[in-house]
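Chain and residue survey
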Protein chains: 2
Amino acid sequence: MFSKACEYAIRATLHIAQESLKGRRVGLKEIAEAIDSPVAFTAKILQILSRNNIVQSLKGPTGGFEIEHGQIAHTKLSQIVFAIDGDKIYQGCGLGLSKCDAEKPCPVHFQFVAIRDEMQRMLEETSVLELAEGLEQGLTFLKR
Amino acid sequence: MFSKACEYAIRATLHIAQESLKGRRVGLKEIAEAIDSPVAFTAKILQILSRNNIVQSLKGPTGGFEIEHGQIAHTKLSQIVFAIDGDKIYQGCGLGLSKCDAEKPCPVHFQFVAIRDEMQRMLEETSVLELAEGLEQGLTFLKR
DNA sequence: TTAATACAGGATAAATTTGTCTTAAAATAA
DNA sequence: TTATTTTAAGACAAATTTATCCTGTATTAA
């Protein structure tokens, strides 16, 4: 569904959010450990998230990653997905046609639009805060 | 959503179905032309579809690919997707966890299950016949 | 000021997916 | 039977994605 990079991005963001809510800043290695991801690759992804201002990074001792408190409730999954994978999840024909729309649709155009719309709605409605709370309550998990 | 291979597979199958309904057998080159796909790669995919008995192939002059008439109405998109991409579309955690279920879910488990179930239902309900008919009626297109 | 710590960024490498090429095998028709 | 046509299959190559490594830069605390 998503690229590996995007999966790591969501997991990393949720872990940072969870720690930020507790007033803690987290380092790269701690993040990679918490979400069970390759450290160096995770660093690349965090760079992108930082450039897109989805997370904030601070260098030096006591540095690390965090998310502004006020931001956590407003950041939606859709922003993370868009930062990493772009809009190809919403755009783009399900059968790979270079162009495909209601005027001149591929054979599965309308079926796919229905599912993609639901996916988009879900990503835009789901906030980092609510998911981080599920983690904090021990209801959900970031690695297994 | 799907791999390139899977996209070609669906497009190729639909073209073969469309021609089979008209009593015509189609060669590899004609298929690749009709769906605008790389010939040699399409050949590989057709091999897989043939081995999985989703299409039938015949060698030699007048040979080519076809689908048994009785089969066209019964073949569902899900069979094509499964033959090429396996069950990783239905299985597998949305965030890439090695294990993820209702007992110990990832943070987006239930949101993803809902969307995946709808996708699965759609793939299992959509037949090659109905899509080939849309093509034959000029309502839908396999290349653009 | 200096040493240590932690992220940033570029180069590089491994793995996977996508795609090509060549030869073999099968089948038809002359 | 033989020449021709067409798919089958394996080896190979290109492109993309995933992942690593090394050096630079910023920051903090002593």
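Attention here is on the structure that accompanies the text.

What counts, and where the lines are drawn
- Residues numbered from 1 in each chain as written.
- Chains lettered and ligands numbered in written order.
- Predicted model: local features only at pLDDT ≥ 70, side-chain atom pairs only at ≥ 80, totals over all residues.
- Heavy atoms only, no water.
- Least-squares fit on C-alpha atoms with pLDDT ≥ 70 in both.
- Contact = heavy atoms within 4.5 Å.
- Salt bridge = Lys/Arg side-chain N within 4 Å of Asp/Glu carboxyl O.
- Helix = DSSP H or I, 4+ residues; strand = E, 2+ residues; numbered from the N terminus.
- Buried < 20%, exposed > 50% of the residue type's maximum accessible area, 1.4 Å probe, protein only.
- Axes fitted to C-alpha atoms, helices over the stretch in contact; angles between N-to-C directions.
- Parallel < 35°, antiparallel > 145°, perpendicular 65-115°, else oblique.
- Nonpolar A, V, L, I, M, F, W, Y, C, P; charged D, E, K, R; others polar.
- Near = heavy atom within 4 Å.
- Polar contact = N/O pair within 3.5 Å; in protein donor to acceptor, adjacent residues only side chain to side chain.
- Expected span 1.5 Å × (residues − 1).
- Disulfide = S-S within 2.5 Å.

Moving on, we get to the relation of the copies chain B and chain A. The operation relating chain B to chain A is a screw motion whose rotation component is 180 degrees, with 0.0 Å of axial translation and a residual RMSD of 0.0 Å. The symmetry that links the two subunits is that of a two-fold axis. Among all C-alpha atoms of chain B, that of B:Met1 lies closest to the rotation axis, at 2.8 Å. Looking at the interface residues of chain B, 100% of them are also at the interface in chain A, so both copies use one shared face.

In this section: the pattern of salt bridges. The full count for this structure, using the stated rule, is 20 salt bridges over all chains. Note that B:Lys22 is salt-bridged to B:Glu136, the shortest N-O span being 3.4 Å. Linking B:Lys22 in the loop between helix H1 (4-21) and helix H2 (28-35) with B:Glu136 in helix H7 (residues 128-136), this pair joins segments that are 114 residues apart in sequence. The shortest N-O distance in the salt bridge between B:Lys99 and B:Asp101 comes to 3.8 Å. For B:Lys99, a relative accessible area of 48% puts it in the partly exposed group. Taking the relative accessible area as the measure of exposure, B:Asp101 reaches 23% and is therefore partly exposed. Each of A:Glu19, A:Lys22, A:Arg24 and A:Glu136 takes part in a single network of salt bridges with overlapping partners.

This part takes up the packing of H1(B) against helix H3 (residues 39-51) of chain B. Residues and elements named next belong to chain B. Where H1 contacts H3, the two axes come as close as 10 Å, and the packing angle between them is 75 degrees. The orientation of H1 with respect to H3, classified from their angle, is roughly perpendicular. Seen from H1, the contacting residues are Ala5, Tyr8, Ala9, Ala12, Thr13 and Ile16; seen from H3, they are Phe41, Ile45, Leu46 and Leu49. Looking at the contact of H1 with H3 residue by residue, the classes come out as nine nonpolar, one polar and no charged.

Glancing now at the protein's contact with DNA strand C. The environment of DNA strand C is formed by 25 residues, the closest being A:Leu28, A:Lys44, A:Ser57, B:Tyr8 and B:Pro38. Backbone atoms, meaning sugar and phosphate, make up 66% of the atoms of DNA strand C lying within 4 Å of the protein. At a separation of 3.0 Å, a base nitrogen of DNA strand C approaches a polar side-chain atom of A:Gln47. A:Gly60 is positioned with one of its backbone polar atoms (N or O) 3.2 Å from a sugar or linking oxygen of DNA strand C. Broken down by secondary-structure element, the contributors of at least two residues to the surface near DNA strand C are helix H3 (39-51), strand E1 (56-58) and strand E2 (64-66) of chain A together with H1 and H3 of chain B. Sorting elements by how many residues they give to the surface near DNA strand C places H3(A) first, with four residues. Looking at the surface near DNA strand C residue by residue, the classes come out as ten nonpolar, nine polar and six charged.

Helix length check: helix H1 (residues 4-21) of chain A, at 18 residues, gives a terminal C-alpha distance of 26 Å against a target of 26 Å (1.5 Å per residue), a fit within 8%. Phi for A:Gly23, located one or two positions after H1(A), is positive at around 80 degrees.

Taken together, 25 residues lie around DNA strand D, and A:Pro38, A:Pro61, B:Leu28, B:Lys44 and B:Ser57 are the ones closest in. Close to the protein, within 4 Å, the atoms of DNA strand D belong to sugar or phosphate groups at a rate of 66%. A distance of 3.1 Å separates a phosphate oxygen of DNA strand D from a polar side-chain atom of A:Tyr8. No other element matches the four residues that H3(B) contributes to the surface near DNA strand D. Grouping the amino acids of the surface near DNA strand D by side-chain chemistry returns ten nonpolar, nine polar and six charged.

With that settled, consider the environment of B:Thr42. All names here are of chain B. Along the chain, Thr42 falls in helix H3. It is 7.7 Å that separates the C-alpha atoms of Thr42 and Ala9, two residues lying 33 residues apart in sequence. Within the structure, the side chain of Thr42 is placed 2.6 Å from the side chain of Ser37, a separation counted as a polar contact.

Here we come to the state of the cysteines. Disulfides are covalent bonds that link the sulfur atoms of two cysteine residues. A complete count under the given rule lists zero disulfides over all chains for this structure. For the unlinked cysteine A:Cys100, the closest cysteine sulfur is that of A:Cys93, found at 3.7 Å.

Attention now goes to the packing of helix H5 (residues 77-85) of chain B against helix H6 (residues 109-125) of chain B. Residue and element names in this part refer to chain B. At a minimum axis distance of 5 Å, the contact between H5 and H6 shows a crossing angle of 110 degrees. Taken together, the axes of H5 and H6 are roughly perpendicular relative to one another. Here H5 contributes Leu77, Ser78 and Val81 to the contact with H6, which in turn contributes Met122, Leu123 and Glu124. Each residue belonging to the contact of H5 with H6 can be placed in one class, and the counts come to four nonpolar, one polar and one charged.

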